[in-house]
Amino acid sequence: MSMQSVAPPAIQFTPPKRNSLTHIPGDEGWPIIGKTLEVLADPKGHIERNAARYGSVYRSHMFGETSIVLLGPEANELVMFDQAKLFSSELGWGRILGLLFPRGLMLLDFEEHRLHRRALSVAFKSAPMKSYLVELDKGIARRVAQWRAKPGDMLLYPAMKQLTLDLAATSFLGADIGPEVEEINRAFVDMVAAAVAPIRKPLPGTQMSRGVKGRKRIIAYFSEQIPLRRAKSSKGSGGDDLFSQLCQATHEDGGLLSTQDIIDHMSFLMMAAHDTLTSSLTSFIGELAAHPEWQQKLRDEVFALGLATDAATSFDHLEAMPLTEMAFKEALRLKPPVPSMPRRAIRDFSFMGYAIPGGTMVGVNPLFTHHMPAIWPEPDTFDPQRFTEDAQRNRHRFAWVPFGGGAHMCLGLHFAYMQAKCFARHFLQNISVSLEPGYKPEWQMWPIPKPRDGLRVTVKPV
Ligand code: HEM
């Protein structure tokens, strides 16, 4: 086992005394539940009302603890870029993800995080990414052909969820995973659903208890597979999937990642990719259904690639789809899959004249930043032109942060663009999508945006 896989002691912190935060304006709501229900019901409205009343630094009470919300691009830069190493991601996300996804990359901090991120980044280099694209391309082409063969109404969100899950099985775990795939997928879906379940203890019958059971199954699967995958690689017949890549990944000292490290990183990676891709692909296609003129522009871009329906998609093709990328970015602006990000300050700091003690839970909010009218005129309008090179040039670099920023910036962002553009290529080449006149799907925006009714669309062959 590599020296670097030995966990260092967790960062120590003392929660601040309640009266050390009362100089910050805000409203903590009801005892114990605080503002949790209000946030769950309408996160965007809640935060916009607070911003109007208190400004861009305010005090709230969520999930049993007082926290300070910092709003706007400057706050995002302070917390995400974290030049002074003031903010712990582990002590922020740990409360939400720690039970099911302990020691995932986002739950590590500072030097230990740097070492693990470096080890994992081999799986996101150009050569492995090209192999993932081959699998994604085949899987997407097959599924789009099935949708095309059944014109009529469909529910977009569950269809995307199933597709993302099936694609992850091949690109993350390998094409020859075999009959266990259904069981592994189910275990994994239970874990992901439990990560955002309101009851946080694994009481019998709860989503959390199904999640904990799912984790046991996933651990057993990975533990059994790691030696098999390593043996295959040593014979030169290793797979190109992400899991096989991690089985070969090493730390800076040359030691392989430990079995436990691989289990933790794989579980976390699959979770980090799953709901975010499902949410963003649904909102992307939902916007194209609502904006036929943009759908046609993107379809023209796809047809200009000159590809036969059954031709494979390459990196070069994806490069030649700038409008598609702009439209996807705009969908991520409107509905960022990670609408807020928690951290815990590990030392005292100040922001906008407010002194904030070490130990305080701090939250930043892409959803709010992405709808600030001063940065994004008519913020609720879908307009991919906001992402031309010219339009982006003068914008604060932390004004658009769907993938976060700084040391914890999404490691899978190129994977996400690749999957979105590959999907757009096949979908738009084969299918035209529309909404019933007058239908405006309602979205639940937190913890991960999803349409409340699944988003009804009508599909027909192009
Ligand atoms: C549209 C899709 C996606 C969005 C919007 C998204 C968003 C994010 C955000 C906001 C963070 C940082 C959170 C923070 O700093 O608190 C993050 C981290 C991460 N994401 Fe993504 N993600 C997406 C897809 C993916 C995919 C496809 C993968 C893997 C293939 C992935 C893997 C990760 C990992 C490993 C981290 C942790 C990075 C670190 O802590 O160093 N994500 N993602």
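Right above here is the structure, for reference.
A few points on the structure. (Residues numbered from 1 in each chain as written. Predicted model: local features only at pLDDT ≥ 70, side-chain atom pairs only at ≥ 80, totals over all residues. Heavy atoms only, no water.)

Quick word on the pattern of salt bridges
Going by this rule: We define a salt bridge as a side-chain nitrogen of Lys or Arg found within 4 Å of a carboxyl oxygen belonging to Asp or Glu. By the criteria applied, helices consist of DSSP H or I runs no shorter than four residues and strands consist of E runs no shorter than two, each listed in order from the N terminus. Three exposure classes are used, based on accessible area relative to the maximum for each residue type with a 1.4 Å probe and protein chains only: buried under 20%, partly exposed in between, and exposed over 50%.
According to the stated counting rule, one finds 26 salt bridges in the structure shown. Here arginine 95 and glutamate 65 are joined by a salt bridge, their closest N and O atoms 3.1 Å apart. Note that arginine 95 is positioned in helix α4 (residues 90–97) and glutamate 65 in strand β2 (residues 65–70), a separation of 30 residues in sequence. Residue glutamate 65 is classed as buried on the basis of its relative accessible area, which comes to 18%. Between arginine 452 and glutamate 442 there is a salt bridge, with its nearest N and O atoms 3.2 Å apart. With a gap of ten residues between them, arginine 452 in the loop between β11 (450–451) and β12 (456–461) and glutamate 442 in the loop between β9 (431–434) and β10 (443–444) connect regions that are remote in the sequence. You can call arginine 452 partly exposed: its relative accessible area is 49%. Among the residues examined, glutamate 442 registers a relative accessible area of 54% and is labelled exposed. One salt-bridge network, in which partners are shared between bridges, spans Glu111, Arg114, Arg118 and Glu252.

With respect to the site of the ligand
Defined as follows: Summary of the distance rule: residues count as near a molecule or strand when at least one heavy atom falls within 4 Å of that molecule or strand. Here a polar contact is recorded for every N or O atom pair within 3.5 Å, except that within protein the pair must consist of a potential hydrogen donor and a potential acceptor, and residues adjacent in sequence are included only if both atoms are side-chain atoms. In this count, Pro and Cys sit with the nonpolar residues alongside Ala, Val, Leu, Ile, Met, Phe, Trp and Tyr, while Asp, Glu, Lys and Arg are called charged and the others, Gly among them, polar.
Every one of the 30 residues lining the ligand counts as a neighbour, but His113, Arg117, Arg343, His408 and Cys410 are closest to it. At 2.7 Å from an oxygen atom of the ligand is found a side-chain nitrogen or oxygen belonging to tryptophan 93. One of the side-chain nitrogen or oxygen atoms of arginine 343 is found 2.7 Å away from an oxygen atom of the ligand. For the shell around the ligand, the elements supplying multiple residues, two or more each, are α5 (110–120), α11 (259–290), β5 (341–345) and α17 (413–430). If one sorts the elements of the shell around the ligand by residue count, α11 sits on top with seven residues. Within the shell around the ligand, the residues separate by chemical class into 22 nonpolar, six polar and two charged.

Concerning the sheet that holds β2
Quick note on the threshold: DSSP bridges decide pairing: two strands pair if at least two such bridges lie between them. Contact between two residues is taken to exist if any of their heavy atoms lie within 4.5 Å; hydrogens are not considered. In this description, a line fitted to the C-alpha atoms serves as the axis of each element, helices being fitted only across the stretch in contact, and the angle between N-to-C directions of two axes falls anywhere from 0 to 180 degrees.
The strand order across the open sheet built from five strands is β1-β2-β8-β5-β3, with neighbouring strands paired in mixed fashion. Bordering the open sheet on either side are β1 (57–62) and β3 (87–88), each of which pairs with just one other strand. Where β1 and β2 come together, six bridges link them in antiparallel fashion. By the bridge assignment for β2, histidine 61 is matched with threonine 66. Packed on one face of the sheet, α4 meets β1, β2, β3, β5 and β8 (361–364) and runs near 130 degrees to β5.

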